[in-house]
Amino acid sequence: MPIRKIAFCAAAMIVAATHFADARPDTRKMTCAQTQALIQSQHAAVLSTGANTYDRYVRQFGNECDAPYVPMVDYVPASDGRCMVYRCEEPAPMVPD
């Protein structure tokens, strides 16, 4: 009987692990329009951009970035090529040398 419980728990953990692995949308599996629409609808989204890479992307206009960060243009891979999105970054200082 304990072997069945162990097998059941192991199977449940495998199912849970594979489910959570797909929890973050992958830009490489979406078109650029789908990626941009997802970000717009959620205002900000954490998206996978590679096998071991991910980042948080935001709308261009909104208050999703904490000060002093602002939305800056970035490009992510999409199923139909490169896709322009926005990511929170600290702006470069505008002080002349």
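Anyway, here's the lowdown on the structure attached to this text. (Residues numbered from 1 in each chain as written. Predicted model: local features only at pLDDT ≥ 70, side-chain atom pairs only at ≥ 80, totals over all residues. Heavy atoms only, no water.)

### Concerning the overall build of the chain
And then number 1: Per the secondary structure count, the chain includes 2 helices and 4 strands.
And then number 2: Counting helices and strands in the order they occur from the N terminus, the chain gives α-α-β-β-β-β.
And then number 3: When contacts within the chain are restricted to residue pairs at least 6 apart in sequence, long-range pairs at least 24 apart make up 32% of them.
And then number 4: Looking at the chain as shown, the accessible area adds up to about 7,300 Å², and 61% of this sits on carbon and sulfur atoms. (Helix = DSSP H or I, 4+ residues; strand = E, 2+ residues; numbered from the N terminus. Contact = heavy atoms within 4.5 Å. Areas by Shrake-Rupley, 256 points an atom, 1.4 Å probe, with all protein chains shown as cover.)

### So, the state of the cysteines
And then number 1: The final tally for this structure, using the stated rule, is 2 disulfides.
And then number 2: Residue pairing for Cys32: its cysteine sulfur links by disulfide to Cys83, the two sulfurs lying 2.2 Å apart. The chirality of the disulfide connecting Cys32 with Cys83 is right-handed, given an S-S dihedral of about 75°. Here Cys32, found in helix α2 (residues 32–42), pairs with Cys83, found in strand β4 (residues 81–89); they are 51 residues apart in sequence, far enough to count as distant. One exposure class covers both Cys32 and Cys83, and it is buried.
And then number 3: The partner cysteine of Cys65 in its disulfide is Cys88, sulfur to sulfur 1.9 Å. In this structure, the disulfide formed by Cys65 and Cys88 twists by about -85° around the S-S bond and is classed as left-handed. Highlighted residues: Cys65 in the loop between β2 (54–58) and β3 (70–78) and Cys88 in strand β4, separated in sequence by 23 residues.
And then number 4: For Cys65, a relative accessible area of 15% puts it in the buried group. (Disulfide = S-S within 2.5 Å. Buried < 20%, exposed > 50% of the residue type's maximum accessible area, 1.4 Å probe, protein only.)

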